[in-house]
Amino acid sequence: MQFSFLSLLKNAQAGANRWTPQWPTVEPKAHYDVIIVGAGGHGLGAAYYLAKEYGLRNVAVLEKGWLGGGNTGRNTTIIRSNYLYDESVGLYDHAMDLWDGLSQELNYNVMYSKRGVLMLAHSVHDVQVLKRHVYANDRLGVDNTWLTPAEAKDYCPPLNISPTARYPILGGALQRKGGVARHDAVAWGFARAASARGVDIIQNCGVTAIRRNQQGHVTGVETERGFIAACKVAVSAAGNTSMIMDSAGIRLPLESFPLQALVSEPVKPVMPCVVMSNSVHAYISQSDKGELVIGAGTDQYISYSQRGAFHVIEKTLASICEIFPIFSRLRVLRTWAGTVDVTPDRSPIVGKTPVPGLYVNCGWGTGGFKATPGAAHVLAHTVACDAPHPINAPFHLDRFRTGRLIDEAAAAAVAH
Amino acid sequence: MSEQRRINRGRIDRKSPLSFTFNGSTFTGYAGDTLASALLANGVRIVGRSFKYHRPRGIYSAGSEEPNALVTLNRGPGRVTPNLPATTMELFDGLAASSQNHWPSLRFDAGRINDLLHPLFSAGFYYKTFMWPKSFWDKVYEPLIRRAAGLGRAPTCEDADNYACQFAFCDVLVIGGGPAGLAAALAASQTGARVILADEQSELGGTLLSDCCSSINGQASDEWLGRTISELSERDNVRLLARTTAFGAYHENFFGLCESLTDHHSTLGPNAPRQRLWRVRTKSVVLAQGAIERPLLFDANDQPGIMLAGAAQTYLNRYGVGFNDGPVVATNNDRAWLTAFDLARAAIRDIRLVESRSTVHPALLAEAARLGISVDLDSRITAAKGGPSLKSVRIASSSSGDERAVSCTELFVSGGWTPSLHLHSQSGGKIHWRSDIGAFVPAPSVASQFVAGAGNGEFGLDKALSGGAAAGRAAAADAGFMTSDSIPSYAVSTQDADYLIEPRPPAHFRRAFVDLQNDVTMDDIRQAIQEGFTSVEHIKRYTTNGMATDQGKTSNINALEVSAAALSVAPPEAGLTRFRPPFTPVTFGAIAGINRGDTFQPVRKTPIDAWAEENGAVFEPVSLWRRAFYFPLAGEDKNAAVNRECRTVRNAVGMFDASTLGKIEIVGPDAAEFLNRMYVNAWDKLKPGRCKYGVLLGEDGFIRDDGVIARISASRFHVTTTTGGAPRVLSMMEDYLQTEWPELKVWLTSITEQWAVIAINGPKSKALIAPFISGIDLDDEILPHMAFAEGEIDGVPLRLFRVSFSGERGYELNVPSCYGRQIWERLYNAGQRLGLCAYGTEAMHVLRAEKGYIIIGQDTDGTVTPADAGLSWAISKAKKDFVGKRSLSRADMSLSNRPHLVGLLTVDPSHVLDEGAQVVSQSPGHSPLGHITSSYWSETLQRSIAMALVAGGRDKIGDSVEILTNGSSSPATLTSTVFFDPKGERLNA
Amino acid sequence: MLTILCPVCNISAPELEFVYAGQAHISRPGNPEELSDEDWRDYLFIRANTRGIHAERWRHTHGCARFFNVLRDTCSDLVLATYQIGHEPPLVTLGRD
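Each value, and the rule that gives it
- Residues numbered from 1 in each chain as written.
- Chains lettered and ligands numbered in written order.
- Predicted model: local features only at pLDDT ≥ 70, side-chain atom pairs only at ≥ 80, totals over all residues.
- Heavy atoms only, no water.
- Helix = DSSP H or I, 4+ residues; strand = E, 2+ residues; numbered from the N terminus.
- Buried < 20%, exposed > 50% of the residue type's maximum accessible area, 1.4 Å probe, protein only.
- Contact = heavy atoms within 4.5 Å.
- Areas by Shrake-Rupley, 256 points an atom, 1.4 Å probe, with all protein chains shown as cover.
- Patch = residues over 30% accessible without salt bridge, like charges linked within 9 Å, V, L, I, M, F, W, Y side chains within 5 Å.
- Salt bridge = Lys/Arg side-chain N within 4 Å of Asp/Glu carboxyl O.
- Axes fitted to C-alpha atoms, helices over the stretch in contact; angles between N-to-C directions.
- Parallel < 35°, antiparallel > 145°, perpendicular 65-115°, else oblique.
- Phe/Tyr/Trp six-rings, centres within 6.5 Å; stacked < 30°, edge-to-face > 60°.
- Buried area = accessible area lost by both parts, 1.4 Å probe.
- Pairing = 2+ DSSP bridges.
- Polar contact = N/O pair within 3.5 Å; in protein donor to acceptor, adjacent residues only side chain to side chain.
- Domains from an automatic or database assignment.
- Left-handed = near helix turned anticlockwise from the far one by under 90°.
- Nonpolar A, V, L, I, M, F, W, Y, C, P; charged D, E, K, R; others polar.
- Disulfide = S-S within 2.5 Å.

1. Concerning the overall build of chain B
So, point 1. Per the secondary structure count, chain B includes 24 helices and 52 strands.
So, point 2. Overall, the C-alpha framework of chain B stretches about 115 × 75 × 55 Å when taken along its three principal axes.
So, point 3. Expressed as a percentage of the 989 residues in chain B, the buried residues total 63%.
So, point 4. Taking contacts inside chain B between residues at least 6 apart in sequence as the whole, the part at least 24 apart equals 66%.
So, point 5. Just so you have it, chain B exposes about 35100 Å², and 53% of that area is on carbon and sulfur atoms.

Have a look at this one:
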């Protein structure tokens, strides 16, 4: 059924209610051409693009819980591509291209809102780092503009630009086309569009291991509901990827950490854009429901509990109140956490693995949501063609052996 | 509106009338009222508009579970707070509140049109539309959605209040100050255990505050309450915290609590903290959180005039609020009968009780008859009618199906009671469904947590007291406190009743609101399931049920039952969404606490900082430190000051506070061996009295830090690090020493704060310091560049480094911190006749750049190898291994086109490039080559200079490149990084 | 906030007194020059990321400043045992279902 205002009208007629399942509940088949492990935004999106661009419909996405219930449903929904390295910009900006028009493509309003992402500089070092980003992005034709403190406040009135602040704002880098989207809708939109094209989405079907034949080639997956055969398996299951890939004999440079986030109670529009600060560490935006959505860094130890310590929330809100003193009287409505997989260079791993027929998409750390359509797209390419797309080629697992890291975090290194 | 509906009972103080305003109209209330009770007493029935449909709403509850009555409280500039429940807002004289989410007014809200169009606005409608035309999303649809969303308005100026915080430790934390909690506190504190009792309400007592007829151990309940609180207050080992919400349970019985300190005060003292955040670590916990009443579902069950039956009883008994004659009490359990009885005893007439069960206890029927309450058994409400508030209800007989309308303006509903499981669940506790009460209870409790009272599904005063006492005693024992005293027992006489219900799937109504605040109806939930959202989390997110500011306190179980019915499963299989902190919303500022403004983070200052401030320094933050950036004289801007400072250093002498640089003393027979393993350089041959520039890599081969290292003796080194790197370097060293090479006999001591460091640079540097130094021969033969000596300066211990970061003759004087300022002033004053000036970090940066000295973290960024930075010369060729060496031989680490640090001179000498600007090859193509790492105006050279990391740069010296900035490009030439005095002669000038 | 018993001080202290220092029992190879790139990569980057009992290191930065080892359940986050550097891990079991 096509979604549109007309469809709302039709179903609004008394007694009409003809809404059908957005994705049908199906039993897993015995065999698929491709199995994707993990029904997050990346996995569901990859299934969609496999069907749409490569005509591969004999595809299943297996999810141990409820689809979109991992980090896709827990993030702070920021979308941007203002990364430093050309390789990163390639990946995230590809996603930006796909975000633009995604609602129309999926016939599902993902509420992609290009309200701007403003990164703040609080020291001479910050200014150097952010300007380097601005110039590097500019060279690639990616929108990123340097703003003075007054211009930053003009763009985002709640900002505190007092020069007597502990870490006064010295300027900021603004990516105007950056913004936010409704995270759940992204998962649901891809799920509906993929299943409309014949993909099986199977929830409550956790994968416990990868099975290989004597030649080492993937033959399928062991699940809570039995063995399902497949020619190709792509694993995109943040928080579970290490365990699943271990079963295939692949040890990854991943460590899983809790990442907390919180929302405030909903208020009328007050925050026009996304603001992020590395030095006064926190990031914030306002959702279409009116809640301020806030996050910061991970807890310090590895964990699968999806639960973090309160002192992390304390530090995050102290930072928020420093940058936005007018928000101090607003109230936290809910805090939660997800499990993020972090690589040594804070860049993802998307590509083939040493096991034939096995592909991996992992290590997105705290930055996976913004890449969703882009990651999904290149993952689909990699699986369909058994070769990476030029965009994800640099994010190969092998880079940790050769030393060809793409270290975004190092580049924003601690002040000297 | 001015006449009060009051009855002569309750805990309000009629001798203390208070004046308050709501939406600009003035009313009277009393001390002890909440805003909600006072509004009810004044006959104000409509207090807000619902989120989506803008339906008029009234007060629904008497507690923090309130979904409807959210107001904005205005206490003046910087003290405007939106979204506060009127039901928990203590009334004070002069209180000014207003309703939210309507335009133009509460009475006439244009948003009501959404209600008329409600079939279009079913669950998830916004995902199905607003997609065409595409540009309309950004320009039209989203702005409209945003304006419609949100409840109150955010404040527009800085919070005028401050917030306090406190750590506390106890043996038993009792959460909930109702009868169960009080009994627990009594029993636990008897053992000598330290007890903290916290309750969210303004007074302890819980249900006892609304109780008018029970007795405990022969005392009337309010008398027992007063005595109990006194007794507890007098115990040294008990702390009572009213107005304190336990909002979060964290690992190992660590709890977050928020105490309201001044929100109920009529006048605010200067600087009085508004709230206090408590962080409590306790050995054991008693959870006595009580239970929350559940609404009934029927058409238009949200009309103003409908409220929870227990709330009505509270308003009646605790706040002395009267109700109109002819109220209807609709229920499926005995407990609400008590509300009807209390209404009757308060002389309210024509009460009708609509009971869904066909049989009830004869004693209840008898009492109802005695009080003149008409009863309809086997009956339920099917619809409420009114507009803008309740006017009548439709009552249907379940067996015959007959329906009739009954006029009423008040309807009190009870669908059962839901134990509050929040903190138990946050602690990881499991839950189990009890179909006899239609709710989950904790099962089993988490280690060192004990649940009692209604919160454990043990309803009634008797069970609350006995269960609470047992839990308190058990909690104390768990914490290691025992007593031979028997657990207090309680003889309770109460008009009590069962809380049991008959489990029955909910009947279907088209516009029965499940989540009142988010306007989620039964139909929305059924539609979500129809659309394939069958997991409880999906249902929640798709419909937004349970996501409002009340976080589903009055809606989660009803939603679960509706879902279960639609899915044809038993209720527990539908599941509950995860409980997350906070229990009720907590102010940002309370959580930020004292980490604001001046105390946001500590500022580290050197011993010379005060002198710098007194002498007009402009400062910059460098990690936690404050460093003098430049010292402008009258009329100078930054450039003028920096240029003067540079000239002075090169021509005369300058002095610089280098105290923030990290310093580590490395001592022991294996000191040199340790340095050999850590740094790239070879240290064996460094003689005492000599220095070497050390480079430190990570095991990944990238430069982590650098600094001059002096050998003081065979077994003692004085290591310096960058300012920002100091703690990291020491930690890294300790890591290797403690966990990899514990066999090495070497000890590390941070001496960063022990020594002040004054750098003197310039041709007249030696002339300046010589008269003050004793015990050191400053002759260049004895103390050449990169030498070290110990002696005294001006009578004070001195470690003297002959080093330079400017390229001029230089000395770094390390004196004990307590003498830092004294020595600085001595030298500064003596230096005036030599033309000395103080210089800051900016001049320091320029001077070193003229000489091509790198700054870690600026010219490097964590991805730079020694070869990249031109530091291969520092690497020992003989050493088989050092930290990072193995990584240097990885494939990608020695490619010829890696970025190399080179110098860069713009063709236009006046053009000072931006750091970060991109270096590209000349046209056509403009292929990326690298970026500018450092860039300055060089006063010495009278032109701009820059350093850059450029792909294969060292092989391209002399080549022309382009620098891109802001759409334009300027030509430049690659050069050596040493722009000035390439032979280094000035070091000995 | 976790509480951790520092085996050096023998004091149980809150998490804020400590800094997490990664997986435990990873010895720096004595002969890095002989290792292949793959083996060196393993030392640098490959970690167990255990779901369950994880042997890890912490440092008592606001205390004795010593590193020590911890066995912790990464599903509940709770510390099961602490022991000194260079010692063998004690036997522990998970308390949960």
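2. Here we look at a nonpolar patch on the surface
So, point 1. On the surface, Phe5(A), Leu6(A) and Leu9(A) cluster together into a nonpolar patch covering about 290 Å² of accessible area.
So, point 2. Its location among the elements puts Leu6(A) in helix H1 (residues 5-12).

3. Section: the environment of Ala346(B)
So, point 1. Examined against the element boundaries, Ala346(B) turns out to sit in the loop between helix H8 (335-345) and strand E19 (352-355).
So, point 2. Look past the residues within four positions of Ala346(B) in its chain and what remains in contact with it is Ile7(B), Arg9(B) and Leu316(B).

4. Points about the packing of helix H3 (residues 86-99) of chain A against helix H10 (residues 372-385) of chain A
Residue and element names in this part refer to chain A.
So, point 1. It is at 6 Å that the axes of H3 and H10 come closest, and there the two elements cross at 105°. Between H3 and H10, the interaxial angle falls into the category roughly perpendicular. Contact residues: H3 offers Leu-91, His-94, Ala-95, Leu-98 and Trp-99, while H10 offers Thr-372, Pro-373, Gly-374, His-377 and Val-378.

5. Some thoughts on the packing of aromatic side chains
Each aromatic ring pair is described using two quantities: the centre-to-centre distance and the angle formed by the ring planes.
So, point 1. The tally for this structure, following the rule as stated, stands at 53 aromatic pairs over all chains.
So, point 2. Ring geometry for Tyr167(A) versus Phe600(B): centroids 6.4 Å apart, planes at 80°, classification edge-to-face. Note that Tyr167(A) is positioned in the loop between helix H6 (149-155) and strand E6 (171-175) and Phe600(B) in the loop between helix H16 (588-592) and helix H17 (609-614), a pairing that runs across two chains. Assigned by exposure class, Tyr167(A) and Phe600(B) land together as buried.

6. Structural notes on the interface of chain A and chain C
So, point 1. Contacts between the two partners involve 23 residues from chain A and, on the opposite side, 23 residues from chain C.
So, point 2. Interface of chain A and chain C: buried area, both sides summed, is about 2200 Å²; carbon and sulfur atoms make up 52% of it.
So, point 3. Contact with chain C buries area across many residues of chain A, yet Tyr301(A), Tyr304(A) and Arg401(A) alone supply 30% of it, more than any other trio.
So, point 4. Salt-bridge contacts for Asp37(C) lead to Arg401(A); the nearest nitrogen and oxygen are separated by 3.9 Å.

7. Points about the side chain of Thr660(B)
So, point 1. As for its placement among the helices and strands, Thr660(B) is situated in the loop between strand E35 (654-657) and strand E36 (662-667).
So, point 2. Apart from the residues lying within four places of it in its own chain, the contact partners of Thr660(B) are Thr606(B), Trp625(B), Arg627(B), Thr723(B) and Thr752(B).

8. Observations regarding the sheet that holds strand E23 (residues 403-407) of chain B
All names here are of chain B.
So, point 1. Pairing is antiparallel across the open sheet formed by 3 strands, whose spatial order is E21-E22-E23. Both outer strands of the open sheet, strand E21 (379-386) and E23, are each paired with one neighbouring strand and no more. Put simply, the sheet's adjacent strands are angled 25° from each other on average, direction ignored.
So, point 2. In the sheet, E21 pairs with strand E22 (residues 390-397) via 7 bridges, with the strands oriented antiparallel. If you follow Gly-386 over to E22, its bridge partner there is Leu-390.

9. Here we look at the side chain of Asn392(A)
All names here are of chain A.
So, point 1. Here Asn-392 lies in the loop between H10 and helix H11 (399-402).
So, point 2. Of note is the side chain of Asn-392, whose polar atom sits 2.8 Å from the backbone nitrogen of His-389.
So, point 3. Residue contacts for Asn-392: discarding those within four places in its chain leaves Val-350, Gly-351, Val-378 and Thr-382.

10. Some thoughts on the domain arrangement of chain B
All names here are of chain B.
So, point 1. Once the domains are mapped, chain B shows domain 1 (13-126), domain 2 (163-291 + 419-493), domain 3 (293-416), domain 4 (513-569), domain 5 (661-833) and domain 6 (896-988).
So, point 2. For domain 3 versus domain 4, the separation of C-alpha centres amounts to 25 Å.
So, point 3. Domain 3 puts 8 residues into the contact, and the matching count from domain 4 is 8 residues.
So, point 4. Summed over both sides, the interface between domain 3 and domain 4 buries roughly 710 Å², with carbon and sulfur atoms accounting for 64% of that surface.

11. A short note on the packing of helix H7 (residues 309-317) of chain B against H8(B)
All names here are of chain B.
So, point 1. In contact at an axis separation of 9 Å, H7 and H8 are set at 35° when each is read in the N-to-C sense. The two elements H7 and H8 cross, and the hand of that crossing is left-handed. Where H7 approaches H8, its residues Ala-309, Gly-310, Ala-312, Gln-313, Leu-316 and Asn-317 are matched on the opposing element by Arg-335, Ala-336, Leu-338, Thr-339, Asp-342 and Leu-343.
So, point 2. In terms of residue class, the contact of H7 with H8 is made up of 6 nonpolar, 4 polar and 2 charged.

12. Overview of the state of the cysteines
All names here are of chain A.
So, point 1. Going through the model one piece at a time under the given rule, you end up with 0 disulfides over all chains.
So, point 2. The closest cysteine sulfur to the non-disulfide-bonded Cys-273 is located on Cys-156, 4.0 Å from its own sulfur.
So, point 3. Owing to a relative accessible area of 0%, Cys-273 belongs among the buried residues under this scheme.

13. Focus: the environment of Val978(B)
Residues and elements named next belong to chain B.
So, point 1. With respect to the helices and strands, the residue Val-978 is situated in the segment after strand E52 (968-975).
So, point 2. Exposure remark for Val-978: the relative accessible area of 31% places this residue in the partly exposed category.
So, point 3. Taking the C-alpha atoms as reference, Val-978 lies 9.6 Å from Met-947; in sequence the two are 31 residues apart.

14. Observations regarding the environment of Tyr141(B)
Residues and elements named next belong to chain B.
So, point 1. Mapped onto the elements, Tyr-141 comes out in helix H4 (residues 134-148).
So, point 2. You can call Tyr-141 buried: its relative accessible area is 17%.
So, point 3. Distance from Tyr-141 to Ser-894, taken between C-alpha atoms, is 54 Å for residues 753 residues apart in sequence.
So, point 4. When residues no more than four places from it in sequence are discounted, the contact partners of Tyr-141 are Phe-130, Trp-132, Pro-133 and Phe-136.

15. Quick notes on the pattern of salt bridges
So, point 1. Scanning all chains against the criterion turns up 89 salt bridges over all chains.
So, point 2. A salt bridge links Arg115(A) to Glu142(B); the nearest nitrogen and oxygen atoms lie 3.2 Å apart. Of the two residues, Arg115(A) sits in the loop between helix H4 (102-106) and strand E4 (117-121) while Glu142(B) sits in helix H4, which places them in two different chains.
So, point 3. Given a relative accessible area of 2%, Glu142(B) falls into the buried group.

16. What about the interface of chain A and chain B?
So, point 1. In this complex, chain A contributes 110 residues to the contact, which on the side of chain B involves 119 residues.
So, point 2. Summed over both sides, the interface of chain A with chain B buries roughly 9900 Å², with 55% coming from carbon and sulfur.
So, point 3. At the junction of chain A with chain B, the criterion picks out 9 salt bridges.
So, point 4. Of the charged contacts in the structure, one is a salt bridge between Asp914(B) and Lys131(A), with a shortest N-O distance of 3.5 Å.
So, point 5. The tally of links between chain A and chain B comes to 62 residue pairs in polar contact (both at pLDDT 80 or more).
So, point 6. Tallied by class, residues from the side of chain A that touches chain B come to 52 nonpolar, 31 polar and 27 charged.

17. Observations concerning unusual backbone geometry
So, point 1. Cis peptide bonds are those with omega within 30 degrees of zero, and the linkage from Trp103(B) to Pro104(B) qualifies with 0°.
So, point 2. Structurally, Pro104(B) can be placed in the loop between strand E7 (95-99) and helix H2 (113-116).
So, point 3. Cis geometry is found at the peptide bond from Gly387(B) to Pro388(B), where omega equals -5°.
So, point 4. Positive phi outside glycine occurs at Arg346(A), with the angle close to 60°.
So, point 5. Mapped onto the elements, Arg346(A) comes out in the loop between strand E16 (331-342) and strand E17 (349-352).
So, point 6. Take Arg346(A): its relative accessible area is 51%, and that puts it in the exposed class.
So, point 7. For Asn23(B), which is not a glycine, the phi torsion comes out positive at approximately 50°.
So, point 8. Summarising the element assignment, Asn23(B) is placed in the loop between strand E1 (13-22) and strand E2 (25-31).
So, point 9. On the basis of relative accessibility, which here comes to 35%, the residue Asn23(B) falls in the partly exposed class.

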